[in-house]
Structure formats: structure tokens, C-alpha cells
2 protein chains.
Amino acid sequence: MKDFIIIKDPKVAKLFADPCRRDILHNLRKREMTACQLARLLEKNVSSISHHLSVLEKAGLVKQTRTLIKGNLVEKFYQATAKKFIISYTLSEGLTPGSEDIAKWSKETCRSAVENLPAFGYEIPVEKEKKLSELIEKYSSMKHIAFEQIISRQKKPVKVTGPPLRILLSLLETVRLYENKEFRRLMDEICEQLKSFKVT
Amino acid sequence: MKDFIIIKDPKVAKLFADPCRRDILHNLRKREMTACQLARLLEKNVSSISHHLSVLEKAGLVKQTRTLIKGNLVEKFYQATAKKFIISYTLSEGLTPGSEDIAKWSKETCRSAVENLPAFGYEIPVEKEKKLSELIEKYSSMKHIAFEQIISRQKKPVKVTGPPLRILLSLLETVRLYENKEFRRLMDEICEQLKSFKVT
């Protein structure tokens, strides 16, 4: 299993839009499982899971690891091909033909984030929502690009997962963004805006 | 189910050291499940899972949602009590009596992160490892404190999960750290150090 796979094909990226496929991939990153085991866990029928598995296998996101013969049944075990899949910024920014839907989804994600700012004590006047949403899109995009640049320059496999890997990647991303003057200007603007919306 | 629970009791935090308990909590955050279903998924025996569930229930991390009567068997369904559990920095910094092990584990996490820097093109001379590890501990600690401060000032439930929530929390954390002069000084020092260790 690779550490990371960066997905640059919009058709493959769109497979992640389906919650059931995301659930399958999530489980197959942790352990190898058969279609039957997945069906039982996710409360779906086996034929629907088998169909998803075949689509995910063709896209290179899962692979067969072994088969188990039980009477006259052959059970195939599957595993994800990477510990983490990253949708490339070239898709979420809509830079690749066919990635328009992904770019739209990415904008909606940022709008949703802005809409939930009141949960943390910020009240955004309606007329300011659009501007703030654009700033957060820029933030999210710069963060995404920094992360992808780090991943794409990986030299050797990482020997850890979980918390140490998260700290390492977060640190490298923060360093990269922190050294970028454009990011600093953006953060100055976001801090300024948010300060004025804070409810005490 | 609450959005977040901050764990401040070292005894409760230590329950997360066991990978099986982490797996149980991970699954019960997504759906309600019985001990039998968990045992099948995690390939453990039912009595061991039932024991873990009872410990997690006493600690307030899971709760029973409903029972299902099947013949003369009563199946109890469980769910996690929060979407995300956060171990308080007062434990990971060793500020609470009984949290020494947690603080030690947190230091080891940072050392592991440093040891994996070569995977991303940094070669750290042995004599510099300790200093860098300390800087990364400081980074991790400030990030942790900022995150906990945001969470602990939550005013209303959040209406999203997944990507929009991650962007929102990441933004609020970045804003908080960015406004902190001590964090800026730390980042200047980390950037300086890492620059000198980069292999081209």
C-alpha cells in the first residue's frame, strides 16, 4: 500500500462523491475485507458493494489481496491502494477539463464553512458573506496546494501513521505557507475581517 | 451525540491508548452497533468487545441507544457520545496529576515526526535532533491549545461534518495562531532550522 496517491483524473475524483464508496475506501485503508464483510458492515446488499468494488478497482483505488475458497464459493479480499487519497488542487480549482463539478463542490464546502461560523461566536452580516467566502476559498486553495507540493516531493516511504504523521504533515504545510508572502497577506485580511464579526 | 468532548481526566484519556478501544470508538462515531457486530468487524471475541464497551460506557465515551430482542437474546446497540474526542492539552502537557504517561506519549509522537523528516527531503544531523524535537513539541502544543480554546468556546451545534467542518476549524486555529506573536517567533525559528536541513 502506498502512503499517498494524488488523484488528477476528474473521473476518478468523482467516485469520491458517493458516500458508500467513501465508506468502502475508508474501511479498506485499515484492513482487507471481502464484499460480504463490507455489505454486512455498511448494511448494503452484496451485489451493490461488488459493483462499487469493481468500479474502484478499475480506477486503481482498491486491489485484490487474496482469495479464500469456502465450499464452492470464492471470496475475494480487497484493500485500498494508498493510506490516503488526495484530490489534486488542479481539480478542486477547476483547472483540468471535466473538473467543473469538483470545483463547484469545493466552493460549496467553503460556503458551508462560512455558514457555520456562528457556532464559534462570529456573526457574519449577509452582505459580507460572499467576500468572506472568497477569502476562505483562497485560504483553502493555498493550503491544498502547499499540502500537495509536500506530498508530491516525498522521497522515501514514511514509517509512521496516525498522530506523528499528522503533526509532521501539518508542520511542513505550516512552514510552507508561513514562508509565502501572499498567504501572510491573506491571513492579515481574514484576521481583520473575523475580528469585526466576533460577538463577545 | 455532541460535536466535541474535551477529555480532562487522565484515566479516561488512557483508554485511548488501546488500539481496539480506538477502533470501537471510531466505528461508533459513524453508526450505532452491537457488541456482536463490532466483534465480527474487528475480528475479536464478543466477550472482549463487551468488556471494552462497558469500560467505555462508564467513562462516558459511548452510550446505549436501543435494544433489539432476537429470540431469547437481547442485543444492545451503542453509539459514541461525541463526533470527536479531544484529549485536553492539560494532559498532553502533563499539567494534571496522573497525566505523566500521556505527556510522555505526546513527546514521543513529536520525536517520531522528526525521525520521519527524511521522507520529505530533510536530513537532520544527529546532534540537532533534540533541539528540533523540542521546537516541534512547542509547535504541537500551541496548535493543540489553540484548537481546544476554539472548541471550548463553541456557542451552538455545528450543522456540518467532514470537509466544511475541517476547513472551518483549520481556519479558526490558523487565525488564532497567526495572531500570536510567540507562535510567529517559533515559526521563524522552525523555518530557519528546516531550511538548513533541506536536501536538494
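The structure this text deals with has already been given above.
In this text the structure is predicted, and so the values were computed from the model without any measurement. (Residues numbered from 1 in each chain as written. Chains lettered and ligands numbered in written order. Predicted model: local features only at pLDDT ≥ 70, side-chain atom pairs only at ≥ 80, totals over all residues. Heavy atoms only, no water.)

Q: Kindly report on the packing of aromatic side chains, identifying the contributing residues and their values.
A: Within this structure, the stated rule accounts for four aromatic pairs over all chains. One cation-aromatic arrangement involves R66 of chain B over F77 of chain B; the distance from NZ or CZ to the ring centre is 3.9 Å. (Phe/Tyr/Trp six-rings, centres within 6.5 Å; stacked < 30°, edge-to-face > 60°. Lys NZ or Arg CZ within 6 Å of the ring centre and 35° of its normal.)

Q: Talk me through the pairing of strand 4 (residues 73–80) of chain A; I want residue IDs and the actual numbers.
A: Residues and elements named next belong to chain A. Sheet analysis places strand 2 (residues 33–34) next to strand 4, joined by two bridges and oriented antiparallel. Its bridge partner lying in strand 4, T34 is registered against F77. Bridge count for strand 3 (residues 62–70) against strand 4 is eight bridges, and the pairing is antiparallel. In the strand pairing of strand 4, R66 is matched with F77. Hairpin geometry of strand 3 and strand 4 is characterised by an intervening segment of two residues between the two adjacent antiparallel strands and by a positive phi of about 60 degrees at G71. (Pairing = 2+ DSSP bridges. Helix = DSSP H or I, 4+ residues; strand = E, 2+ residues; numbered from the N terminus.)

Q: Please set out helix 8 (residues 162–178) of chain A residue by residue, giving values where relevant.
A: In this model helix 8 of chain A runs 24 Å from its N-terminal to its C-terminal C-alpha over 17 residues, within 8% of the 24 Å that 1.5 Å per residue would give. Across the 17 residues that make up helix 8 of chain A, a large majority, 13, are buried. (Expected span 1.5 Å × (residues − 1). Buried < 20%, exposed > 50% of the residue type's maximum accessible area, 1.4 Å probe, protein only.)

Q: Give me the packing of helix 2 (residues 19–30) of chain A against helix 2 (residues 19–30) of chain B: which residues, what numbers.
A: Where helix 2 of chain A contacts helix 2 of chain B, the axes come no closer than 14 Å and their chain directions differ by 180 degrees. Considered as vectors, helix 2 of chain A and helix 2 of chain B are oriented roughly antiparallel to each other. For the pair helix 2 of chain A and helix 2 of chain B, the contacting residues are D23, H26 and K30 of chain A in the first and D23, H26 and K30 of chain B in the second. When its residues are assigned to classes, the contact of helix 2 of chain A with helix 2 of chain B shows no nonpolar, two polar and four charged. (Axes fitted to C-alpha atoms, helices over the stretch in contact; angles between N-to-C directions. Parallel < 35°, antiparallel > 145°, perpendicular 65-115°, else oblique. Contact = heavy atoms within 4.5 Å. Nonpolar A, V, L, I, M, F, W, Y, C, P; charged D, E, K, R; others polar.)

Q: Give me the sheet that holds strand 3 (residues 62–70) of chain B: which residues, what numbers.
A: All names here are of chain B. Spatial ordering of the open sheet is given by 2-4-3, a layout of three strands whose pairing is antiparallel. Single-partner strands in this sheet number two, and they are strand 2 (33–34) and strand 3. Across the sheet, helix 2 is in contact with strand 2, strand 3 and strand 4 (73–80); its angle to strand 4 comes to roughly 90 degrees. Relative to strand 3, helix 4 (residues 46–58) is tilted by about 135 degrees, and along the sheet it contacts strand 3 and strand 4.

Q: Account for the relation of the copies chain B and chain A, with residues named and values stated.
A: Once chain B is rotated about the relating axis by 180 degrees and shifted along it by 0.0 Å, it coincides with chain A to within an RMSD of 0.0 Å. Here the transformation between the copies is reduced to the relation of a two-fold axis. Residue L41 of chain B, judged by its C-alpha, is the member of chain B lying nearest the rotation axis, at 3.6 Å. Both copies present the same face, since 98% of the interface residues in chain B are matched by interface residues at the equivalent positions in chain A. (Least-squares fit on C-alpha atoms with pLDDT ≥ 70 in both.)

Q: Tell me about the interface of chain B and chain A, and name the residues and values.
A: Each partner contributes residues to the interface: chain B has 57 residues there, and chain A has 57 residues. Counting the surface chain B buries against chain A, the share from its top three residues, F120, L171 and Y178 of chain B, is 16%. If you look at where chain B meets chain A, you find five salt bridges. Here K30 of chain B and D23 of chain A are joined by a salt bridge, their closest N and O atoms 3.4 Å apart. Listing elements by their share of the side of chain B that touches chain A, those giving two or more residues are helix 2, helix 3 (35–42), helix 6 (100–115), helix 7 (129–152), helix 8 (162–178) and helix 9 (181–197) of chain B. Top element by residues in the side of chain B that touches chain A is helix 8 of chain B. It accounts for 11 residues. Its residues placed into classes, the side of chain B that touches chain A shows 33 nonpolar, 10 polar and 14 charged. (Buried area = accessible area lost by both parts, 1.4 Å probe. Salt bridge = Lys/Arg side-chain N within 4 Å of Asp/Glu carboxyl O.)

Q: Quick rundown of the sheet that holds strand 3 of chain A? Include the residues and the values.
A: Consider a sheet: its strands pair through backbone hydrogen bonds, and that pairing is either parallel or antiparallel. Residues and elements named next belong to chain A. Here three strands make up an open sheet; going across it, the order is 2-4-3 and the pairing antiparallel. In this open sheet, the two edge strands, each paired with only one partner strand, are strand 2 and strand 3. Across the sheet, helix 4 (residues 46–58) lies against strand 3 and strand 4, angled at about 135 degrees from strand 3, the strand it touches most.

Q: Give a detailed account of the pattern of salt bridges, specifying residues and quantitative values.
A: Throughout the structure, instances matching the rule amount to 25 salt bridges over all chains. Residues K70 of chain A and E75 of chain A are paired through a salt bridge, measuring 3.5 Å at the closest nitrogen-oxygen approach. Residue D3 of chain B is joined to K83 of chain B by a salt bridge in which the shortest nitrogen-to-oxygen separation is 2.9 Å. Taken together, the residues D3 of chain B in strand 1 (residues 2–7) and K83 of chain B in strand 5 (residues 82–87) connect sequence positions 80 residues apart.

Q: So what's going on with helix 6 of chain B? Residues and values would help.
A: Note on helix geometry: an α-helix contains 3.6 residues per turn, so any two residues three or four positions apart are oriented the same way. With 16 residues, helix 6 of chain B should cover 22 Å at 1.5 Å per step; its first-to-last C-alpha distance of 23 Å lies within 8% of that length. Among the residues of helix 6 of chain B, those classed as buried are I102, A103, S106, T109, C110, S112, A113 and V114 of chain B. Packing partners of the buried residues in helix 6 of chain B comprise helix 8 of chain A together with helix 1 (10–14), strand 5, helix 5 (89–92) and helix 7 of chain B.

Q: Quick rundown of unusual backbone geometry? Include the residues and the values.
A: You will see that E43 of chain A, though not glycine, has its phi angle at about 55 degrees, which is positive. Judged by relative accessible area, which is 63%, E43 of chain A ranks as exposed.

Q: Can you break down the environment of F4 of chain A residue by residue, with the values?
A: For F4 of chain A, the location among the structural elements is in strand 1 (residues 2–7). Considered as a pair, F4 of chain A and R29 of chain A are 25 residues apart in the sequence and their alpha carbons are 11 Å apart. When sequence neighbours within four positions are dropped, the list of residues in contact with F4 of chain A reads A82, K84, I86, I151, Q154, L165 and L169 of chain A together with F120 of chain B.

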